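Understanding the architecture of this molecule
In case you want the letters, here they are:
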Amino acid sequence: MKAQTLTPASESSRAAQATGGHRRGKSKSDGWWPWLFVVPTVAGIGVFYLWPIVQTFYYSFTKWGVFGGTKFIGLDNYVRMFADSTIPQSILNTLIYTVVVLLGIPIAVILASLIERPGLRFAALYRTLYFIPYITMPAAVGIVWRLIYNGDFGPINWFLGLFGIQGPYWTSTPGFALLAVATVGLWMSLGFNLIIISAGLREIPRELFEAAEMDGASRVRQFFSITVPLLTPSIFFVTIVTVINGFQLFDLLYVMMGKANLAMPQTQSLVYIFYNQAFLQNDKGYAAAIGILILVIIALQTAFQFRIQKRWVNYV
């Protein structure tokens, strides 16, 4: 019997017959069908994020009347903003607050390294306890810390009084007030940073630490040579989030100090000035210009961080 020789063409023919006579081609609907699932998200971003930005940008060139209505005034709001002496001070206050809160990142790295040690009991409980302040309403946190910082009967001044130290009025003394608010902000952000960095720690192979230990590397050397370099993607992420949140400082500052506080002019943030102009002074056009300034500052610092992250972030 003569053996039958199969060619690639005959193999393709048999495969086509086995699958129903022909291969299924690309459907015409494949081009638009995925967009059906993306449309709700795109529409939500457009309506609730992009369109308000466009509106705010337009309103920054207008002046609002007492009873509503707008009048186009060109660049007058921006000229007024750059001549306003409170704007540079508020930017400096926001930067100081952000820098203090950023100090929570190295603290979170150290705490996460201790919590994620192999064999540590109740590690999940520790992470939960640190995370609770982050999910607590800032208004509630501000009220509690306002009592703690009270200059007359607060526990901090009571403790200092045991050593004969007269504590200041923390939230009403210029200089102390901003640092007091920033310390609370650091404490609140610590839980979020800890969760993200702990997740990054669990992704580091344990074999690296075992090999380093066999080579005689101490725990400190392992921390700076293995842990920190491999955690830089997580550190970069929490840095971005912390800086963005820092430039949105308002609710914690407002609750802890109050609008009648004598130290508020030296402590107010950019968002607080936006709130004051938009809702107290009813100058929504000028407030819109301040909102655009906040948007530009956040966008520039975020772009700068993404620009320099290639120099220190190690992606394995």
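**A few points about the overall build of the protein chain**
What the protein chain contains, in helices and strands, is 15 helices and 2 strands. Whereas a compact globule of 316 residues would reach a radius of gyration of roughly 20 Å, the protein chain reaches 29 Å, over 25% beyond that. Considering only intrachain contacts with a sequence separation of at least 6, the fraction spanning at least 24 residues in the protein chain is 67%. When the accessible surface of the protein chain is totalled, it reaches about 20000 Å², and 68% of it is carbon and sulfur.

**Here we look at the packing of aromatic side chains**
Under the defined criterion, the tally for this structure stands at 23 aromatic pairs. For the pair Tyr149 and Trp170, a centre-to-centre distance of 6.1 Å together with 45 degrees between the ring planes defines the contact as tilted. Residue Tyr149 is located in the loop between α7 (138-148) and α8 (155-161), and its partner Trp170 is located in the loop between α8 and α9 (176-202); the two are separated by 21 residues in the primary sequence. Since its relative accessible area comes to 6%, Tyr149 is described here as buried. Residues Tyr275 and Phe279 carry aromatic rings whose centres are separated by 5.9 Å and whose planes lie at 35 degrees to one another, so their mutual orientation is tilted.

**Topic: the pattern of salt bridges**
Between side chains of opposite charge, pairing is possible as soon as their charged atoms come close. Overall, the coordinates contain 3 salt bridges when judged by the stated rule. Residue Asp283 pairs with Arg80 through a salt bridge whose shortest N-O separation is 2.5 Å. With a gap of 203 residues between them, Asp283 in the loop between α14 (270-280) and α15 (284-308) and Arg80 in helix α3 (residues 76-83) connect regions that are remote in the sequence. With relative accessibility at 12%, the residue Asp283 sits in the buried group.

**Observations regarding the nonpolar core**
Counting 43 residues, the largest nonpolar core has Met81, Ile87, Tyr97, Val181, Val184, Leu252 and Ile290 as the members making the most contacts within it. When residues of this core are traced back to their parent elements, those giving at least two are α3, α4 (86-102), α7, α9, α12 (251-257), α14 and α15. Among the nonpolar cores identified, the runner-up in size contains 21 residues, and Ala108, Leu190, Leu201 and Phe209 belong to it.

**Thoughts on the packing of α9 against helix α11 (residues 219-246)**
Here α9 crosses α11 at 150 degrees, and the two axes come no closer than 9 Å. Compared by their axis directions, α9 and α11 come out roughly antiparallel. Once α9 is placed against α11, the crossing between them reads as right-handed. In this structure, α9 contributes Phe192, Asn193, Ile196, Ile197, Gly200 and Leu201 to the contact, and α11 contributes Thr227, Leu231, Ser234, Phe237, Val238, Val241 and Thr242.

**Notes on the layout of surface pockets**
Size it by volume and the largest pocket reaches roughly 660 Å³. Taken together, 21 residues line the largest pocket, and the ones lying closest to its centre are Pro52, Ile53, Thr56, Phe274 and Gly291. Listed by contribution, the elements that provide at least two residues to the lining of the largest pocket are α2 (33-59), α14 and α15. For the lining of the largest pocket, the leading source of residues is α15, giving 8 residues. When grouped by side-chain class, the residues that make up the lining of the largest pocket number 16 nonpolar, 4 polar and 1 charged. Put simply, the second largest pocket is a space of about 550 Å³. Ser113, Arg117, Arg206, Phe209 and Arg219 are, among the 19 residues lining the second largest pocket, the residues nearest its centre. Where the lining of the second largest pocket is concerned, the elements lending two or more residues are α5 (104-115), α9, α10 (206-214) and α11. Counting residues per element, the lining of the second largest pocket draws most heavily on α11, which supplies 6 residues. Across the lining of the second largest pocket, the residue classes tally to 9 nonpolar, 3 polar and 7 charged.

Basis of the calculations
- Residue positions are given per chain, counting from 1 as you read along its sequence in written order.
- A pLDDT threshold of at least 70 governs which residues receive local features in this predicted model, and a stricter bar of 80 or more applies before side-chain atom pairs are shown or counted, although totals over entire chains, interfaces and linings include all residues.
- Side-chain descriptors were evaluated using all non-hydrogen atoms of the structure, hydrogens and water having been removed beforehand.
- Strands here mean DSSP runs of E at least two residues long; helices mean DSSP runs of H or I at least four residues long; both are numbered from the N terminus.
- The size measure is the radius of gyration over C-alpha atoms, and the globule rule it meets is 2.2 Å times the number of residues to the 0.38 power.
- What makes two residues a contact is simply this: any of their non-hydrogen atoms within 4.5 Å.
- All accessibility values rest on the Shrake-Rupley procedure with a 1.4 Å probe; residue burial counts only the protein chains present in the view.
- Each pair of aromatic rings taken from Phe, Tyr and Trp, with Trp reduced to its six-membered ring, is defined by centres within 6.5 Å and is described as stacked if the planes are under 30 degrees apart, edge-to-face if over 60, and tilted in the remaining cases.
- We call a residue buried when its accessible area falls under 20% of the maximum for its residue type, exposed when it is over 50%, and partly exposed in between, using a 1.4 Å probe and counting protein chains only.
- We define a salt bridge as a side-chain nitrogen of Lys or Arg found within 4 Å of a carboxyl oxygen belonging to Asp or Glu.
- Joining through side-chain atoms within 4.5 Å is the link that ties buried Ala, Val, Leu, Ile, Met, Phe, Trp, Tyr and Cys residues into a set, and such a set is a nonpolar core.
- In this description, a line fitted to the C-alpha atoms serves as the axis of each element, helices being fitted only across the stretch in contact, and the angle between N-to-C directions of two axes falls anywhere from 0 to 180 degrees.
- Any angle between 65 and 115 degrees counts as roughly perpendicular, while under 35 counts as roughly parallel, over 145 as roughly antiparallel, and the rest as oblique.
- Helix crossings get a hand from a simple test, with the near helix turned counterclockwise from the far one by less than a right angle marking a left-handed crossing and a clockwise turn marking a right-handed one.
- In the cavity and pocket records, a cavity denotes points on a 1 Å grid over the protein atoms alone where a 1.4 Å probe fits but cannot get out, a pocket denotes an open set with protein on both sides within 12 Å along at least 5 of 7 lines, and lining residues are residues with an atom within 4 Å of a point.
- Grid points are joined across faces, edges and corners, and a volume is the space filled by probe spheres set on the points.
- Gly is placed with the polar residues, together with every amino acid not listed as nonpolar (Ala, Val, Leu, Ile, Met, Phe, Trp, Tyr, Cys and Pro) or charged (Asp, Glu, Lys and Arg).

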